[in-house]
Amino acid sequence: MVSNWTKIPPPLFKKVVIVLIDALRDDFVFGSKGKQFMPYTTQVVEKGTSYSFIAEAKPPTVTMPRIKALMTGSIPGFIDVVVNLNSPALLDDNLIWQAKTAGKRIIFYGDDTWVKLFPKHFVEYDGTTSFFVSDFTEVDDNVTRHLDRVLKREDWDLLILHYLGLDHIGHMTGPNSPLVGPKLREMDNILKKIHISLLSKEEASLPNLLVVCGDHGMSETGSHGGSSEGEVHTPLLFISSAFEKRSAPLAQPEHVQQTDLASTLAVGLGLPISRNSVGNLILPVVGGKTMREQLRFVHLNGFQLSRLLQENTPAYEKDPGYEHFKIAEKSHGNWIKLYLEGNNSEILLNLGKKVLKQYLEALKILSSSLSKQVAQYDMYSMMVGTVIIMEVLLLLLLSVPKALSKRAEFEVPLSPPLFSLLFYLMCLMLCAIHVIVCTSAESLCYFCSMSWLTALGVMMLISALTCGILSAIAKIFENSRLPPKSPIVSSSSWSEIDVLILAGTIGHVLSLGASSFIEEEHQTWYFLINTLCLVLCQELCRNNFLLKECDPQHSTNVKQNFDSIGETSECKNIDIPAASNSKLGKATSSSELIKGSDKWISLATPWIILICCRLLRSLNQTGVQWAHRPDFGHWLTSSEHKSELSFLAAVSLLMIFFLVQRRCSLVSKIAMALGLLGVYSYRAAVGNVVFPWQHGGKDISKGITEARFVYVFVLGIIFTGTKDLLKSQVISADSSTKSTGLWEVYSGLVLLAALLFRPHNLPVLVFCLLIQTMMTKYIWIPLKFDAAQITIMHYWFGQAFFYFQGNSNGIATVDISAGFVGLDSYVEIPAILLTAFATYAGPFLWAIHLLCYLSSEVSRNSAAVGHGCFCYALMRSIPVAIYVILVTGLRYHLFIWSVFSPKLLYEGVHVFITAAVCLFFTAMDQNHSYKVQD
């Protein structure tokens, strides 16, 4: 009798149609939009034969992990965010595989992610590209065009439709776009057609089932990937004639987990529940069956969950869920005895309800326990990666004195360690550990799955880094014992800027250990740059007032500083045009210079920067706590304020041209002007802004021609700059030509950012250029900051502008639409590069500006570029290395998937961008003397 309990019951439905509407939020069906734009669906939900739920998705809320959750019932790992770009075949036990094994005929139309996940599983399919987000109509028409033909046929058991248009509208224009209503109405008509067709073909034996769901929702900005309510709450509708017609109005829908769908559909189709599913059976779907059948269904679910618990937990017998299940199973046995005795009294019914309640309680506890334990960490691979990262960081820290010396030497003494006995002993020891771990590992290990040659290379790298660190430490101790060659007067007194930089760096790194600080990291950077502005103001006041009275040499120093500004700007094409006036040469006395307008503008510069930063904070609300609050960006992007947005975009583009063109050649100035005009034309073509002479509705296009027009000028400007750079590097070592080339490249990148930024974000680019211009002319040059200080200021402002753009540490704020500007089809590499550039435009532009600035100043040490490169790499390495350790230690934290993992992904991409920037620094540093000692 017990063996019959685990036997798969017959199917409850003949045909099942799953309609997955990408990015369908719960309020699009159950809210005011549903009543207005989805009348048929609303009627079925409120008065028809249906059950309605709100399914909660776990982060990351992107398509591929959500499809895996829906079909396997398991919780995908966060690495699936990356794999989402090119999904591999799904090897885990899943509903599609079970259905195909059972002989079910499956047809699929829609997002080609399904075709990649389940190759050779569909008897018929037609996949559409999911990443081309500027396509709202064709992507859905390619699905709907098959419907009439398929619904008339009888040669299928499971039909899956995945519509992408709503998700694309969200990415491009947001959830409040006027395009959302017509798309919902289109989906409503499709659901009506499918439902009527299923009802007309039903037989007396088995009914049909229509399932309507979303893979994820969308945030208030139209994106997804995070854990906000709009992103994780999706509608889940079961519509079938097998259900009782609803008599009372629908109350608030019950909340279920998205993973519950796999178990429920498995029971409905008469299939085994997926092996790794942590979902619970949604009981109302089988509520019309007899008590015996209901108990059998929930027992099957409980048996599968308890078996999964046994496989993952050594002490599973002590788990509360397992204990509850065994109690329910015992009560179920007593109920079966009464049933077989022919007892049909009220006692049997009440006992059945009690057993059912016990099962449901056990399922809930088991599912919760398994959801917490489902993450199996590959600790060996994690530890190997962490060791390499920490060794690289330690090597950087030990190299600080040499790297920041006048020669900017980055010494990596490799030859002695590589030929030492310690190196070979460490290699042997690490290889032995590798063999022991890989042969005894019970679960799959990524590092162990590598080839032995690759693993040996990693072991040699770790050994070499370790020996290099020990050698560097020994050399430091050896040099400390030697008497100094010449008496040197110590000038290592710390200024307020140095103290702030150290305290800010340490404070930011420590804050990464708290989830709240990660969610609101933008507040940390806003605080740091505001404090930096106040310290700069104090430094300017001291140099202009206090030192003038106390130091008789001050006037001479100030005069020399301003003289150097004039000389530099005459020799190099840097952004200080006001100082290039020949009348302000050495003939001008220092007292006249101090009393000039430059002094007061210099004093006002920190306050102007503070005002700019405050305005930028009001443009985009980011983070988690206050992201829902309205901001100026939301006001501008609403359809009622298109004329205001158009005016702001036009003024911003004019300001960008004014701030950039002074550094460019005549040809690049013309290209920049035409390119910025093309940017406005592109935004007008896609419907974001309007031209003054437009008076009616204008057809919205993809703007491909206009965007490509801009790309031509972007490539032209960058090519012109690259030509100058090659000329300075190969033909003649002319620093003036190199400086001009760098500014040309920088100007081309600014034009590209203007094209990819949304219109309301163009002021971010304007303020970025304005702050760089003012700090260059009125702060960095007059105060004579060294390269390390200027590098760290650039890094801080770059981080702040990352958040000024509206970014956060959540995946939802990534603007995917930027990757498809000017593309008429999905091309993976350009889409990834454009999206990455648009996301990290703030840090990237500040880093390139740093290189341009350090290369332009003739008065600086020739090693300034090398100092800047080293400091920039160090500032990026410290938080990344510490954060990797923190994440490893906090891997069982409640918010590991929703907060810490997305931040780790952002940090990883930022490291790649930093590496590219440092390579560019090194290529441009003609005076570098980085060497490997033999």
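Scroll up to find the structure this text is about.
Predicted model, so just to flag it, every value in this text is computed and none were measured. (Residues numbered from 1 in each chain as written. Predicted model: local features only at pLDDT ≥ 70, side-chain atom pairs only at ≥ 80, totals over all residues. Heavy atoms only, no water.)

Next up on the list: the sheet that holds strand β2 (residues 50–56). Read from one edge of the open sheet, eight strands run β4-β3-β5-β1-β6-β7-β2-β8, paired in mixed fashion. This sheet does not close on itself; its edge strands, each paired only once, are β4 (124–128) and β8 (254–257). Ignoring which end each strand starts from, the neighbouring axes of this sheet average 20 degrees apart. Those strands touched by helix α12 (residues 180–200) are β1 (16–21), β5 (158–163), β6 (209–213) and β7 (233–239), and its axis lies near 165 degrees from that of β6. (Pairing = 2+ DSSP bridges. Helix = DSSP H or I, 4+ residues; strand = E, 2+ residues; numbered from the N terminus. Axes fitted to C-alpha atoms, helices over the stretch in contact; angles between N-to-C directions. Contact = heavy atoms within 4.5 Å.)

The subject of this paragraph is the side chain of T42. Mapped onto the secondary structure, T42 falls in helix α4 (residues 39–47). The exposure class assigned to T42 is buried, which follows from its relative accessible area of 12%. Engagement of the side chain of T42 in a polar contact is seen with the backbone oxygen of G34, the distance being 3.0 Å. Discounting chain neighbours no more than four positions away, the residues touching T42 are V29, G34 and K35. (Buried < 20%, exposed > 50% of the residue type's maximum accessible area, 1.4 Å probe, protein only. Polar contact = N/O pair within 3.5 Å; in protein donor to acceptor, adjacent residues only side chain to side chain.)

Attention now moves to the packing of helix α35 (residues 762–783) against helix α36 (residues 787–804). For the pair α35 and α36, interaxial distance at closest approach is 11 Å and the crossing angle is 160 degrees. What the angle tells us is that α35 and α36 run roughly antiparallel. Between α35 and α36 lies a crossing of right-handed hand. Taking contact as the criterion, the partners of V764, F767, C768, I771, M775 and W780 in α35 are, on α36, I790, M793, H794, F797, F801 and F804. Here the contact of α35 with α36 is built from residues that sort into 11 nonpolar, one polar and no charged. (Parallel < 35°, antiparallel > 145°, perpendicular 65-115°, else oblique. Left-handed = near helix turned anticlockwise from the far one by under 90°. Nonpolar A, V, L, I, M, F, W, Y, C, P; charged D, E, K, R; others polar.)

Let us now look at a nonpolar patch on the surface. On the surface, W494, V499, L502, I506 and L510 cluster together into a nonpolar patch covering about 530 Å² of accessible area. Within the secondary structure layout, L502 lies in helix α24 (residues 496–511). For L502, a relative accessible area of 42% puts it in the partly exposed group. (Patch = residues over 30% accessible without salt bridge, like charges linked within 9 Å, V, L, I, M, F, W, Y side chains within 5 Å. Areas by Shrake-Rupley, 256 points an atom, 1.4 Å probe, with all protein chains shown as cover. Salt bridge = Lys/Arg side-chain N within 4 Å of Asp/Glu carboxyl O.)

Once that is clear, we can look at the pairing of β1. Of all the six residues making up β1, six are buried; the element is thus mostly covered by neighbouring parts of the structure. Residue alternation in β1 divides its side chains into two sets, V16, I18 and L20 and V17, V19 and I21, and both sets are buried. Strand direction decides the pairing type here: β1 and β6, joined by five bridges, are parallel. What sits directly across from V16, in β6, is L209.

Ranked by size, the top nonpolar core spans 114 residues in total, and within it I656, W796 and F797 carry the most contacts. Broken down by element, this core gets its largest block of residues, 13 residues, from α35. Leaving out residues up to four positions away in the same chain, W796 has contacts with L500, I501, G504, T505, W525, L528, I529, L532 and M875. (Core = buried A, V, L, I, M, F, W, Y, C linked by side-chain atoms within 4.5 Å.)

Distances and angles like these do not, on their own, reveal function.
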